[in-house]
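If you want the building blocks of each chain, they are given just below.
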There are 2 protein chains.
Amino acid sequence: MLSPTRYHDRFVADHAAVRAVLDEALFCHVGVVVDGRPHVLPTLHARVGDTLCVHGSTAARILAAGRSGPLPVCITVSLLDGLVIARSAFHHSLNYRSVVVHGDARLVTGAAEKGRMLDALVDRVGTDRSAQCRPPTAKELAATSVLAVDLAAETTDVALKTRTGGPIDDEADLVLGHWAGVVPVRLHAESPEPVCDLPIPAGLAPSLR
Amino acid sequence: MLSPTRYHDRFVADHAAVRAVLDEALFCHVGVVVDGRPHVLPTLHARVGDTLCVHGSTAARILAAGRSGPLPVCITVSLLDGLVIARSAFHHSLNYRSVVVHGDARLVTGAAEKGRMLDALVDRVGTDRSAQCRPPTAKELAATSVLAVDLAAETTDVALKTRTGGPIDDEADLVLGHWAGVVPVRLHAESPEPVCDLPIPAGLAPSLR
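### Let's talk about the overall build of chain A
- Along its length, chain A carries four helices and eleven strands.
- With 209 residues in all, chain A has 44% of them scored as buried.
- For chain A, the share of sequence-separated contacts (at least 6 apart) that also reach a separation of at least 24 residues comes to 74%.

Okay, here's the thing in structure tokens:
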């Protein structure tokens, strides 16, 4: 049911499709190994060029692990597109797009790069929002860690998987009287709930206007 | 920003909240360790009582790993509820609910239990759908593996984390003229796209009607 597309040698060719998934999804799942066991945490991510980054408080276990050197991570970004209803139980499925990034994350230590990445993370919450709020203080910057994975690195593997279209039923089942098709699903923004009575700025994300 | 609630000793007390998240989310992220590295894959999940299950083709690496004994997994289920827009960059956030399950998954081998779990998985795609389509053949059952984690087991750790409400800005920032608030987001079902011209059955999921 899956259409895996591996990128070992053709990251550039499929760059646009990978970027589209990374940029549309509002959060990712970061996997790390701690004491031999898998840990998977949801968190906001951002892409800055060919670098994928996540952040967290410096206390976070997942980020602390990155202090002692490159941290093996798997960052998975998934978008659900539809429920696939088949005539047979076996062929029910989900339509989705996902990007799985296997790589070694580095702790971002340069002030300029860290600043750019934190701006990018804020800009995921609202377009250009980082320029329309109070910037971080030195203390806030110090309290935040950023982990980055370079998507184009030799040691990084980026896999795009998608399922699209209707159910693929067996020929023999096509005569059955069961309804079959796809129910598309989509993440929608609802009306903003302001905590202050200022008008919603025009520069915010489309979802905010 | 997070409100972690660990369940070591009070799984029963918070059962309902955990169940609600598992039952609302249409897919999960399964983390396993392969050759010492983390792997995180999105997949459909279902809850049958206090058992959480996922499935896949028997060829899938993640499931094959479960053949040699209990497989350490981390199954994370996340629901995005809103974008949190603060006056300061630092306090931007996401509202969400997530359940992180650390446990040892077992390969489900009993025919009756496997059948119940596969039905439950199909019922995630459409309410009671497993009773309204062609049931799996013996060959199809053999081609599908089911992994299960017992949520109430001693060796299972279930953690619920949520963030709700507006931004928590610093006192000093409240006078700033930046808009602040929450943009709620929600997964919506759109109009079904049928591949056959039968009327949509009344018994399908509300999202289908």
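### Focus on the relation of the copies chain B and chain A
- Rotating chain B by 180° and moving it 0.0 Å along the rotation axis overlays it on chain A with an RMSD of 0.0 Å. The transformation just described matches what one would write down for a two-fold rotation axis. For chain B, the residue whose C-alpha comes nearest the rotation axis is Leu187 of chain B, separated from it by 2.1 Å.
- Comparing interface residues between copies, 100% of those in chain B also lie at the interface in chain A; the contact surface is shared.

### Re the pairing of strand 6 (residues 71–85) of chain A
Residue and element names in this part refer to chain A.
- With twelve of its 15 residues buried, strand 6 lies for the most part within the structure.
- Examined bridge by bridge, strand 2 (residues 28–34) and strand 6 share three bridges and lie antiparallel to one another. Within strand 6, the position partnered with Val30 by the bridge is Ile75.
- Relative to strand 7 (residues 93–107), strand 6 runs antiparallel, the two being bridged by 13 bridges. Looking at the pairing, Leu79 lines up with Arg97 of strand 7.
- Two strands pair when backbone bridges link them, and strand 6 and strand 10 (residues 181–189) are joined in this way by four bridges, in the antiparallel orientation.

### Points about the interface of chain B and chain A
- The interface of chain B with chain A comprises 73 residues on the first partner and 73 residues on the second.
- Listing elements by their share of the side of chain B that touches chain A, those giving two or more residues are strand 2 (28–34), strand 3 (37–43), strand 6 (71–85), strand 7 (93–107), helix 3 (111–125), strand 10 (181–189) and strand 11 (193–194) of chain B.
- As defined by bridge partners, strand 10 of chain A adjoins strand 10 of chain B across five bridges and the pair is classed as antiparallel. Within strand 10 of chain B, the position partnered with Leu187 of chain A by the bridge is Leu187 of chain B.

### Points about the pairing of strand 10 of chain A
- The pairing of strand 10 of chain A with strand 11 of chain B spans two bridges and is classified as antiparallel. Residue pairing for strand 11 of chain B: Val182 of chain A is matched across the bridge by Glu193 of chain B.

### Topic: the environment of Thr144 of chain B
- On the secondary structure map, Thr144 of chain B appears in strand 8 (residues 144–150).
- Along the chain, Thr144 of chain B and Leu118 of chain B lie 26 residues apart, while their C-alpha atoms are 8.9 Å from each other.

### Let's talk about unusual backbone geometry
- Residues other than glycine seldom take positive phi values, yet Asp35 of chain A does so here, at roughly 50°.
- Looking at the element boundaries, Asp35 of chain A is found in the loop between strand 2 and strand 3 (37–43).
- Even without a glycine there, the phi angle at Asp128 of chain B is positive, about 60°.
- Position of Asp128 of chain B relative to the elements: it lies in the loop between helix 3 and helix 4 (138–142).

### Brief notes about the environment of Val84 of chain B
- In this fold, Val84 of chain B is placed in strand 6.
- In this view, Val84 of chain B contacts His92, Ser93, Leu94, Asn95, Gly166, Pro167 and Val182 of chain B; residues no more than four positions away in its chain are not counted.

### As for the environment of Arg106 of chain A
- Tracing the backbone through its elements, the reader meets Arg106 of chain A in strand 7.
- With 23 residues separating them in the primary sequence, Arg106 of chain A and Arg129 of chain A have C-alpha atoms 26 Å apart.

### Some remarks on the confidence of the model for chain A
Residues and elements named next belong to chain A.
- Overall, the predicted model of chain A reaches an average pLDDT of 86, with 82% of residues at or above 70.
- Below pLDDT 50 for its whole length, residues 1–12 participates in 20 contacts with residues either more than four positions away or in separate chains.
- The ipTM, which scores confidence in the relative placement of chains, is 0.89 for this predicted complex, and the corresponding pTM is 0.90.

Conventions used here
- Residues numbered from 1 in each chain as written.
- Chains lettered and ligands numbered in written order.
- Predicted model: local features only at pLDDT ≥ 70, side-chain atom pairs only at ≥ 80, totals over all residues.
- Helix = DSSP H or I, 4+ residues; strand = E, 2+ residues; numbered from the N terminus.
- Buried ≥ 20, exposed ≤ 12 C-beta atoms within 10 Å, placed from the backbone.
- Contact = placed C-beta atoms within 7 Å.
- Least-squares fit on C-alpha atoms with pLDDT ≥ 70 in both.
- Pairing = 2+ DSSP bridges.
- pLDDT = per-residue confidence, 0-100.

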